[in-house]
Amino acid sequence: MAAPTGTMRAIRVFEFGGPDVLKLVEDQPIPVPAKGEVLLQVKAIGVNPSDLYTRARGQGTVQLPFIPGYDAAGVVAGFGSDVTKFKIGERVYVALARGAYAEFMVSDARRVHHLADHLTFSQGAAIGVPYFTSVRALKHKANVKPSDKVLVHGASGGTGLAAVQIAKSWGLDVVGTASTDEGAALVKAAGARLVLNHKDPNHEQNLKDATGGKGFDVILEMLASNVPLDVRVAATFGRIVVIGPGGGIPHIDPGPLILKEIAIVGLIQHLATDEEREETAKLLEDGIQKKITDPVIDQEFPLKRASQVSSEYTEYYIHRTCLRQYCCP
């Protein structure tokens, strides 16, 4: 069967800026898969903070004009002559590719993965950035051990919930934080032993009490401005992985940092090695089959409302109450 040709609808960015730079075009040529690539007919598109950073100021090697979006799910519509892993019509998801805000996209076949029948296309589009980031944070950056106590600081968002699910499935003792009752319920359902409200005036003491004063071995931080607090509640030899840049990092008291030999490391998923991506994909496939990988969907929107979704997502992200949102063709 020949791959589709002609034109498609897509969101294009011709200049960096606010949500209004996301422009819907009706006559974008359908991409043609080259060697090693898969053509996907997109059914759902993940919306991630990285989309906002790229739209606002560029990220990595992106060049104008471009089609945003890193995560999607849909069906295989074509592939390069050397691709043998997929068949036309198979359900798949794409993780950390480029050009997802469209009716069709091409991706390196190594970033395309089979989507289990029990997951919806929207759930498939929610796997990429949140779950691949969480695995890399826990395994490749924090080097978690079975005895570790893990804090997911800001656990009710897409990446936070993914991290809780994964850490719990690996047998780790997980504490999460949220700022609303709804968010706390989601974090608890994801597997956290304890959920704390990070707006509580006694938040620091509550965190210390959660480990009996021993501190957390691993902290996944979704808001960089919390790092000084993380240092105070970390255990000796604790590892802090900073995932979200929000608020910047204020002054850190070097005393506990040095005396407890705490390691602080940043994470951006685009720097993951091919080996890390491959290992992560295998771990997540196992989680999908065991129904551990279970993305939570918040809202869904049509592609034409991408600009509005980007604006609303920015506001939600600032207030840390957004779970996941989608633009669907």
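S.K.: Which parts of the structure should I look at to understand helix α9 (residues 274-289)?
M.R.: One turn of an α-helix holds 3.6 residues; hence residues three or four places apart share an orientation. An ideal rise of 1.5 Å per residue puts 22 Å on 16 residues; α9 measures up with 23 Å between its terminal C-alpha atoms. Within the sequence span of α9, burial applies to Glu276, Arg277, Thr280, Ala281, Leu284, Gly287 and Ile288. Angular distribution of buried residues about the axis of α9 spans 130°; they occupy a single face of the element. Opposite the packed face of α9, turned more than 90 degrees from it, sit the exposed residues Glu275, Lys282 and Gln289. As for α9, its buried residues are in contact with β5 (91-94), β7 (112-114), α3 (128-141) and α4 (158-169). Immediately downstream of α9, the backbone of Lys291 shows phi near 60°, a positive value.

S.K.: Mind showing me how you'd approach the packing of α3 against α4 here?
M.R.: The geometry of a pair of packed helices is captured by two quantities: the angle between their axes and the separation between those axes. Running from N to C, α3 and α4 point in directions that differ by 55°, and their axes come no closer than 8 Å. With respect to their mutual orientation, α3 and α4 come out oblique. For α3 against α4, the interelement crossing comes out right-handed. The segment α3 lies against α4, with Pro130, Tyr131, Thr133, Ser134, Val135 and Leu138 engaging Gly158, Thr159, Ala162, Ala163, Gln165, Ile166 and Ala167. In terms of residue class, the contact of α3 with α4 is built from 8 nonpolar, 5 polar and no charged.

S.K.: Explain the packing of aromatic side chains to me, please; I cannot follow it from the model alone.
M.R.: Here a ring pair, both rings aromatic, is described through the centre-centre distance and the interplanar angle of the planes. One pass over the full model with this rule turns up 1 aromatic pair. The residue whose ring lies beneath Arg91 is Phe121, and the NZ or CZ to ring-centre distance is 4.7 Å.

S.K.: I would appreciate a short explanation of the side chain of Thr211 in the present structure.
M.R.: Looking at the element boundaries, Thr211 is found in the loop between α6 (203-210) and β11 (216-221). Ignoring anything within four residues of it in the chain, the contact list for Thr211 reads Lys149 and Phe216.

S.K.: Looking at this structure, how should I read the environment of Ile166?
M.R.: With respect to the element layout, Ile166 can be found in helix α4. Residue classification places Ile166 among the buried residues on the basis of a relative accessible area of 6%. The sequence separation of Ile166 and Leu151 amounts to 15 residues, and the corresponding C-alpha distance is 13 Å. Apart from the residues lying within four places of it in its own chain, the contact partners of Ile166 are Tyr131, Ser134, Val135, Leu138 and Leu284.

S.K.: What am I meant to see in the nonpolar core here?
M.R.: For soluble globular proteins, nonpolar side chains are generally found buried alongside one another. Among the nonpolar cores identified, the biggest contains 42 residues, and Tyr93, Ile127, Phe132, Val152, Val164 and Leu220 are the most heavily contacted of them. Going through the elements one at a time, α3, β8 (149-153), α4, β9 (173-178), α5 (181-190), β11 and α9 are the ones with two or more residues in this core. Once you skip the residues sitting within four places of it in the chain, Leu220 turns out to touch Ala137, Leu138, Leu151, Val152, His153, Ala163, Val241 and Ile243. Judged by nonpolar contacts, the second largest core, of 36 residues, contains Val42, Val62, Met105 and Leu303.

S.K.: For this particular structure, what's the right way to read the pattern of salt bridges?
M.R.: If the charged atoms of two oppositely charged side chains come close together, the side chains can form a pair. Summed over all chains, the structure comprises 13 salt bridges. The shortest N-O distance in the salt bridge between Asp117 and Arg91 comes to 3.9 Å. Of the two residues, Asp117 sits in the loop between β7 and α2 (121-125) while Arg91 sits in strand β5, which places them 26 residues apart along the sequence. On the basis of relative accessible area, Arg91 is assigned to the partly exposed category, the value being 22%. Lys282 is the partner of Glu278 in a salt bridge, and the nearest nitrogen-oxygen pair spans 3.6 Å.

S.K.: Can you walk me through α5 in this structure?
M.R.: Those residues of α5 lying buried are Gly183, Val187 and Ala190. Down the axis of α5, the sector holding all buried residues measures 60°, keeping them to one side. Exposed residues lying more than 90 degrees from the buried face of α5 are Asp181, Glu182 and Ala189. Looking at the packing, one finds that the buried side of α5 touches α4, β9 and β10 (194-197). Looking one or two residues past α5, Gly191 carries a phi angle of roughly 125°, positive in sign.

S.K.: Sorry if this is basic, but what is going on with unusual backbone geometry here?
M.R.: Outside of glycine, negative phi angles account for most residues, and trans bonds account for most peptide bonds. Geometrically, the link from Leu64 to Pro65 is a cis peptide bond, its omega value of -15° lying close to zero. Along the chain, the position of Pro65 falls in the loop between α1 (49-57) and β4 (72-79). Despite not being glycine, Leu96 shows a phi value in the positive range, around 60°. The exposure class of Leu96 is buried, given its relative accessible area of 2%. The backbone of Asn143 shows a phi angle near 50°, a positive value even though the residue is not glycine. For Asn143, the position within the fold is in the loop between α3 and β8.

Cut-offs applied
- Residues numbered from 1 in each chain as written.
- Predicted model: local features only at pLDDT ≥ 70, side-chain atom pairs only at ≥ 80, totals over all residues.
- Heavy atoms only, no water.
- Helix = DSSP H or I, 4+ residues; strand = E, 2+ residues; numbered from the N terminus.
- Expected span 1.5 Å × (residues − 1).
- Buried < 20%, exposed > 50% of the residue type's maximum accessible area, 1.4 Å probe, protein only.
- Arc of directions from axis to C-beta.
- Contact = heavy atoms within 4.5 Å.
- Axes fitted to C-alpha atoms, helices over the stretch in contact; angles between N-to-C directions.
- Parallel < 35°, antiparallel > 145°, perpendicular 65-115°, else oblique.
- Left-handed = near helix turned anticlockwise from the far one by under 90°.
- Nonpolar A, V, L, I, M, F, W, Y, C, P; charged D, E, K, R; others polar.
- Phe/Tyr/Trp six-rings, centres within 6.5 Å; stacked < 30°, edge-to-face > 60°.
- Lys NZ or Arg CZ within 6 Å of the ring centre and 35° of its normal.
- Core = buried A, V, L, I, M, F, W, Y, C linked by side-chain atoms within 4.5 Å.
- Salt bridge = Lys/Arg side-chain N within 4 Å of Asp/Glu carboxyl O.

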